[in-house]
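Chain by chain, the residues run as shown.
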Amino acid sequence: MKLTLPELRRDTPLVMVTAYDYPGAQQAERAGMDLILVGDSLGNVVLGYDSTAPVTLDDVIHHTRAVRRGAPDTFLVADLPFGTYHTGLRDAMRAAVRVIQETGADALKVEGASPEVLDVIRVLGRNGVPVMGHVGLTPQTEVSLGGRRVQGRDEDSARQIIENAQAVQEAGAFAVVLEVIPARLARVITERLEIPTIGIGAGPHCNGQVLVYHDVLGIYDNEKKIARRYAELGKLATEALKQYADDVRGGAFPTRENSFIIKDEVLDKLY
Ligand code: KIV
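Residues numbered from 1 in each chain as written. Predicted model: local features only at pLDDT ≥ 70, side-chain atom pairs only at ≥ 80, totals over all residues. Heavy atoms only, no water.

Quick notes on the overall build of the protein chain
Then, in step 1: Secondary structure assignment for the protein chain yields ten helices and eight strands.
Then, in step 2: If you line up the protein chain on its principal axes, its C-alpha atoms span 80 × 35 × 35 Å.
Then, in step 3: A burial count over the protein chain gives 46% of its 271 residues as buried.
Then, in step 4: Counting contacts in the protein chain only where the partners sit at least 6 residues apart, residues at least 24 apart contribute 57% of the total.
Then, in step 5: Positive and negative charge centroids in the protein chain, built from 30 and 37 side chains respectively, lie 2 Å apart. (Helix = DSSP H or I, 4+ residues; strand = E, 2+ residues; numbered from the N terminus. Buried < 20%, exposed > 50% of the residue type's maximum accessible area, 1.4 Å probe, protein only. Contact = heavy atoms within 4.5 Å. Lys, Arg positive; Asp, Glu negative; His and termini not counted. Charge placed at Lys NZ, Arg CZ, Asp CG, Glu CD.)

Considering the sheet that holds strand S8 (residues 208-211)
Then, in step 1: Strand order in the closed barrel formed by eight strands is S1-S2-S3-S4-S5-S6-S7-S8, with parallel pairing between adjacent strands. On average, each strand axis in the sheet is inclined to that of its neighbour by 25°, with strand direction left out of account.
Then, in step 2: Pairing analysis gives two bridges linking strand S7 (residues 197-200) to S8, with the strands arranged parallel. Its bridge partner lying in S8, Gly199 is registered against Gln209. (Pairing = 2+ DSSP bridges. Axes fitted to C-alpha atoms, helices over the stretch in contact; angles between N-to-C directions.)

A few points about the site of the ligand
Then, in step 1: Around the ligand, the surrounding shell consists of Thr18, Leu37, Gly39, Asp40, Ser41, Asp79, Lys109, His134, Val177, Ile200 and Val210.
Then, in step 2: Note that an oxygen atom of the ligand is positioned 3.1 Å from one of the side-chain N or O atoms of Asp40.
Then, in step 3: Between the ligand and Asp79 there is a distance of 3.2 Å, counted from an oxygen atom to a side-chain nitrogen or oxygen.
Then, in step 4: Across the complex, the protein chains shield 96% of the 260 Å² of accessible surface that the ligand would expose by itself. (Near = heavy atom within 4 Å. Polar contact = N/O pair within 3.5 Å; in protein donor to acceptor, adjacent residues only side chain to side chain. Areas by Shrake-Rupley, 256 points an atom, 1.4 Å probe, with all protein chains shown as cover.)

Digging into the side chain of Asp106
Then, in step 1: In this fold, Asp106 is placed in the loop between helix H4 (89-103) and strand S4 (107-109).
Then, in step 2: Since its relative accessible area comes to 19%, Asp106 is described here as buried.
Then, in step 3: Of note is the side chain of Asp106, whose polar atom sits 3.1 Å from the side chain of Arg68.
Then, in step 4: Beyond its immediate sequence surroundings of up to four residues, Asp106 is in contact with Lys2, Arg68, Thr74, Phe75, Leu76, Ile100 and Pro130.

Examining the pairing of S7
Then, in step 1: Residues Thr197 and Gly199 of S7 are buried on one face, and the alternating residues Ile198 and Ile200, pointing to the opposite face, are buried as well.
Then, in step 2: Pairing geometry for strand S6 (residues 175-179) and S7, over four bridges, is parallel. Bridge pairing in S7 links Val176 to Thr197.
Then, in step 3: As a crossover connection, the stretch from S6 through helix H7 (residues 183-192) into S7 is right-handed. (Right-handed = clockwise from strand over helix to strand, strands pointing away.)

A look at a nonpolar patch on the surface
Then, in step 1: On the surface, Ile262, Val266, Leu267, Leu270 and Tyr271 cluster together to form a nonpolar patch covering roughly 550 Å² of accessible area.
Then, in step 2: Position of Leu270 among the secondary structure elements: in helix H10 (residues 264-270). (Patch = residues over 30% accessible without salt bridge, like charges linked within 9 Å, V, L, I, M, F, W, Y side chains within 5 Å. Salt bridge = Lys/Arg side-chain N within 4 Å of Asp/Glu carboxyl O.)

So, the packing of aromatic side chains
Then, in step 1: As enumerated under the stated definition, the model contains two aromatic pairs in all.
Then, in step 2: With a centroid separation of 5.9 Å and an interplanar angle of 65°, the aromatic rings of Phe75 and Phe174 are classed as edge-to-face. One end of the pair, Phe75, is in strand S3 (residues 75-79); the other, Phe174, is in the loop between helix H6 (155-171) and S6, and 99 residues separate them in sequence. A single burial state applies to Phe75 and to Phe174, both of which are buried.
Then, in step 3: With centroids separated by 6.2 Å and ring planes inclined at 75°, the aromatic side chains of Tyr244 and Phe253 adopt a geometry described as edge-to-face.
Then, in step 4: Its relative accessible area of 36% is what places Phe253 among the partly exposed residues. (Phe/Tyr/Trp six-rings, centres within 6.5 Å; stacked < 30°, edge-to-face > 60°.)

Examining the domain arrangement of the protein chain
Then, in step 1: Here the protein chain is partitioned into domain 1 (5-231) and domain 2 (236-268).
Then, in step 2: Measuring from the centre of the C-alpha atoms in domain 1 to the corresponding centre in domain 2 gives 44 Å. (Domains from an automatic or database assignment.)

Things to note about helix H1 (residues 22-30)
Count 3.6 residues to each turn of an α-helix, and residues three or four apart come out pointing the same way.
Then, in step 1: Residues of H1 that are buried: Gly24, Ala25 and Ala28. Buried residues along H1 cover an arc of 100° about the axis, so they all sit on one side.
Then, in step 2: The elements touched by buried residues of H1 are strand S1 (14-18), strand S2 (35-38), helix H3 (57-70) and helix H8 (213-216).
Then, in step 3: Count one or two residues on from H1 and you reach Gly32, which has phi positive near 85°. (Arc of directions from axis to C-beta.)

A look at the pattern of salt bridges
Then, in step 1: What the rule picks out here adds up to 14 salt bridges.
Then, in step 2: The closest approach of N and O atoms between Arg94 and Asp91, which form a salt bridge, is 3.4 Å. Of the two residues, Arg94 and Asp91 both sit in helix H4, three residues apart, roughly one turn of that helix.
Then, in step 3: Between Glu232 and Arg229 there is a salt bridge, with the nearest N and O atoms lying 2.9 Å from each other.

Given below as structure tokens:
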């Protein structure tokens, strides 16, 4: 059964994974995920961009609709992509309404804790749209953070991340993602907040964890310190496709088993 917001508690570990299409969503739901995220990591792992910045609202809507069809009974969060909530509250509200109305997502996620983003969280919340926050490493603005590296290692930046997480909570977020920060900093934040923290590369003290589908399943070769690979589907897929190519080239596929029959008397008439 789909979790409801009051059931997103801090006392049992929450498990979230990203999904971007119908089969991935079905697998995530059958595996019993508490939450599914249609992350704008879509840009990196599905669309082949080298950042999340080019992902559009239409991209997110298209993929979230497929995920909703595959996982009708799982709490579904969709990322608002870069640029869709940075040009004013009216634009943010319009983007949010489109995602919720056109996809059936239960909630949205926004990155950062600038005064403008906090206003977005407040306005969406006041209008009945649950918002998940995201602090620490925020990929939509990673260039200004010095690239994809651990955030909050020195006192000033650690304090800033604590303040950001608290501000996101005060603005009304129902949960917050902590990305790529030291484990003990994530513990401090988790202890100080009332809303659940969901970590990625933030150690074991968060209330939940989120991983990218392609990292869990080993679809690409790149090993990531922040993830654990539970399968090697990328290698398996390449081997299977090679075998298919060999079989076609060597005449081993298709066989009679893969073919349909036509009666002799019909065939005779064709000659
Ligand atoms: O886009 C994404 O997949 C995310 C997760 C890494 C939290 O934001």
